Amino acid sequence: MEYGAVGMSYSSINQCSKDVSFDGVDSACSGIIGANQSTWLQTTVTGPGTLSFRWKVSSEERYDWLTFYIDGTNQTRISGTTMTSFEQKSYTLLAGKHTLKWDYTKDGSADAGSDCGWVDTVSYTRIYAPNPPTGMSATDGTYTDKIAISWDSVAGADKYYIYRYTSNSSGSAMSLGSTTSTSYNDTSATPGVTYYYWVKAYQNSGSIYSGYSSCDTGYRKLSVPTGFSSSATTSGATISWSAVSGATGYVIYRSTSSSGSSLTQVGTSTKTTYTDSTGSAGRDYYYWVAAKCSICQTSASGAIVCYKKLPAPSGFQGARGPDGGSIALWWNAVSGATGYKAYRGDGNNKSVSGCSTADWWTGAWVYYAVCAIGENGKEGERAGINVP
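Residues numbered from 1 in each chain as written. Predicted model: local features only at pLDDT ≥ 70, side-chain atom pairs only at ≥ 80, totals over all residues. Heavy atoms only, no water.

**What about the overall build of the protein?**
For the protein, the count of helices and strands is 0 helices and 29 strands. Expressed as lengths along the three principal axes of its C-alpha atoms, the size of the protein is roughly 145 × 40 × 30 Å. For the protein, with 388 residues in total, the buried portion stands at 41%. For the protein, long-range pairs separated by at least 24 residues make up 64% of all intrachain contacts whose partners lie at least 6 apart in sequence. As presented, the protein carries roughly 19,000 Å² of accessible surface, and 44% of it is formed by carbon and sulfur atoms. Charge separation in the protein, taken as the distance between the mean sites of 28 positive and 28 negative side-chain charges, equals 16 Å. (Helix = DSSP H or I, 4+ residues; strand = E, 2+ residues; numbered from the N terminus. Buried < 20%, exposed > 50% of the residue type's maximum accessible area, 1.4 Å probe, protein only. Contact = heavy atoms within 4.5 Å. Areas by Shrake-Rupley, 256 points an atom, 1.4 Å probe, with all protein chains shown as cover. Lys, Arg positive; Asp, Glu negative; His and termini not counted. Charge placed at Lys NZ, Arg CZ, Asp CG, Glu CD.)

Right, here's the structure in full:
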């Protein structure tokens, strides 16, 4: 074993043995020592790398030991007289400087066998980090449920680690996980937020990482609004919807057609409700809503129908005729009305029905109500009076 060529140092009593070797050349053999003494062979290497060697011992079993250390920590040891051939050992060293030491130590009593140990064919191969991945790509609003990340494969890489941050600072990035493929789906990203991504290649031998890849940005698309409801008042058509994760606001559109072929923006909202007061009262409109954030906006969804309610007729009055049986009702016209509907009930409760079904009694108060009908066929607010 040419131990001098790999920077070996040894105690003053080490010697080289050509009589016992694995490779037929020579081996490092422990020197002649007495009771409670030791002899050693040592070197320093830089990791990561792989170490292999062969060794054997002929000693007093369980008392005189040939021990191998890495950085002062006992890795394994052998003792006894039963070894007839060299045994191979292999280790993977992590990054950094490492001290390797083979030590033969005797106790204070008897000897046995050849009273020595041998080390041969020491080999150390440095492992170099894989190259950083190239071809980094992250999707920009392609999916609502993920950001898809991909990169080119790296020779010698066993797997890849993916990192993410909200700014271009790889040193602050958090690891999302690892994969053995060259793609990864980030399903934990918040929709509408731009993320920066990096990837490192990893090699199992030596547990060594590459440097960071170049970064690429990506974002997860907002989902379209859902969960629509509506209510009509004289103030306007009010629509509501469920909140969209990541949305900072909403854009509201209107059309007179359910097909949505021609949409007109009527407003925006940072809440999940909006009242459109600009439509003509008594006319149906179809509403769509798009979610938005600083970097994207969804397509519009909805097509929910709503309308602005016609107001109650003003100037509503009534009077009983001279015969005491007939009652006349009159009111002011309502703009946008295509007709009117009148109701009659008793004076105690104002639950009215059609005029033809309600009874009245001479001398009793009779309750009347009237409302305008819009072009959509729906009633507006009612006005009511009691006629004696």
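Let us keep going from here.
**Regarding the sheet that holds strand 22 (residues 284–292)**
Spatial ordering of the open sheet is given by 20-19-22-23, a layout of 4 strands whose pairing is antiparallel. Two strands close off the open sheet at either side, each with one partner strand: strand 20 (264–269) and strand 23 (301–307). Strand after strand, the sheet turns through a mean of 30 degrees between neighbouring axes, direction not considered. Where strand 19 (residues 249–255) and strand 20 come together, 5 bridges link them in antiparallel fashion. Each residue of the ladder has a partner; that of Y250, found in strand 20, is S269. (Pairing = 2+ DSSP bridges. Axes fitted to C-alpha atoms, helices over the stretch in contact; angles between N-to-C directions.)

**Here's the deal with the pattern of salt bridges**
Pairing is possible between side chains that carry opposite charge, provided their charged atoms lie close to one another. With the rule as written, the count across this model stands at 10 salt bridges. For the salt bridge of K309 with E381, the shortest nitrogen-to-oxygen distance reads 3.4 Å. Of this pair, K309 sits in the loop between strand 23 and strand 24 (317–320) while E381 sits in strand 29 (residues 379–387), and the two are 72 residues apart along the sequence. Accessibility expressed as a relative area gives 33% for E381, which makes it partly exposed. Connected via shared salt-bridge partners are D64, K106, D111 and D115. (Salt bridge = Lys/Arg side-chain N within 4 Å of Asp/Glu carboxyl O.)

**Re the packing of aromatic side chains**
Under the counting rule described, the total for this entry stands at 17 aromatic pairs. Arranged with centres 5.1 Å apart and planes meeting at 35 degrees, the rings of F68 and W102 form a pair that is tilted. Taken together, the residues span a long stretch of sequence, with F68 in strand 5 (residues 65–70) and W102 in strand 7 (residues 87–105) at a distance of 34 residues. Look at F68 and you get buried, because its relative accessible area is 0%. Ring-pair connections join several aromatic residues into one group, and the members of that group are F53, W55, F68, Y91 and W102. (Phe/Tyr/Trp six-rings, centres within 6.5 Å; stacked < 30°, edge-to-face > 60°.)

**Some words on the sheet that holds strand 10 (residues 147–150)**
In spatial order, the strands read 9-10-13; together these 3 strands make up an open sheet with antiparallel pairing. Only two strands of the sheet have a single neighbouring strand rather than two, namely strand 9 (137–138) and strand 13 (183–186). Here strand 9 runs beside strand 10; their pairing, made up of 2 bridges, is antiparallel. Residue pairing in the sheet places A138 in a bridge with I149 of strand 10.

**Brief notes about the state of the cysteines**
Across all of its chains, the model carries 0 disulfides by this definition. Of all cysteine sulfurs in the structure, the one in C29 sits closest to C116, which takes part in no disulfide; the separation is 4.0 Å. (Disulfide = S-S within 2.5 Å.)

**Concerning the environment of C215**
On the secondary structure map, C215 appears in the loop between strand 15 (208–209) and strand 16 (216–218). Overall, C215 belongs to the partly exposed group, its relative accessible area being 27%. For the pair C215 and T134, spaced 81 residues apart in sequence, the C-alpha separation works out to 9.5 Å. The contact partners of C215, leaving out residues within four places of it in the chain, are M136, N168, Y196, Y197 and W198.

**Observations regarding the environment of V366**
Of note, V366 is situated in strand 28 (residues 366–373). The spacing of V366 and I327 is 39 residues in sequence and 9.6 Å in space, taken between C-alpha atoms.

**Section: the nonpolar core**
Counting 19 residues, the largest nonpolar core has L51, F53, W55, F68, L100 and W102 as the members making the most contacts within it. Mapped onto this core, the elements with two or more residues apiece are strand 4 (38–58), strand 5, strand 7 and strand 8 (116–126). Sorting elements by how many residues they give to this core places strand 4 first, with 6 residues. Apart from the residues lying within four places of it in its own chain, the contact partners of F68 are L51, F53, W55, T73, N74, Q75, T76, Y91, L100, K101 and W102. Counting residues in hydrophobic clusters, the runner-up holds 18 residues, among them Y274, Y287, A291 and C296. (Core = buried A, V, L, I, M, F, W, Y, C linked by side-chain atoms within 4.5 Å.)

**Regarding the pairing of strand 17 (residues 229–233)**
Judged from the 5 bridges that link them, strand 17 and strand 18 (residues 236–240) form a sheet pairing that is antiparallel. Bridge pairing links S230 to I239 in strand 18.

**Things to note about unusual backbone geometry**
In this structure, the amide linkage connecting G47 to the following residue, P48, adopts the cis form with an omega of 5 degrees. Its place among the elements puts P48 in strand 4. In this structure, N36 takes a positive phi of about 60 degrees despite not being glycine. You can see N36 is positioned in the loop between strand 3 (27–29) and strand 4. For D115, which is not glycine, the phi torsion reads 55 degrees and is therefore positive. Mapped onto the elements, D115 comes out in the loop between strand 7 and strand 8.

Take it as geometry only, folks, not as evidence of what the structure does.
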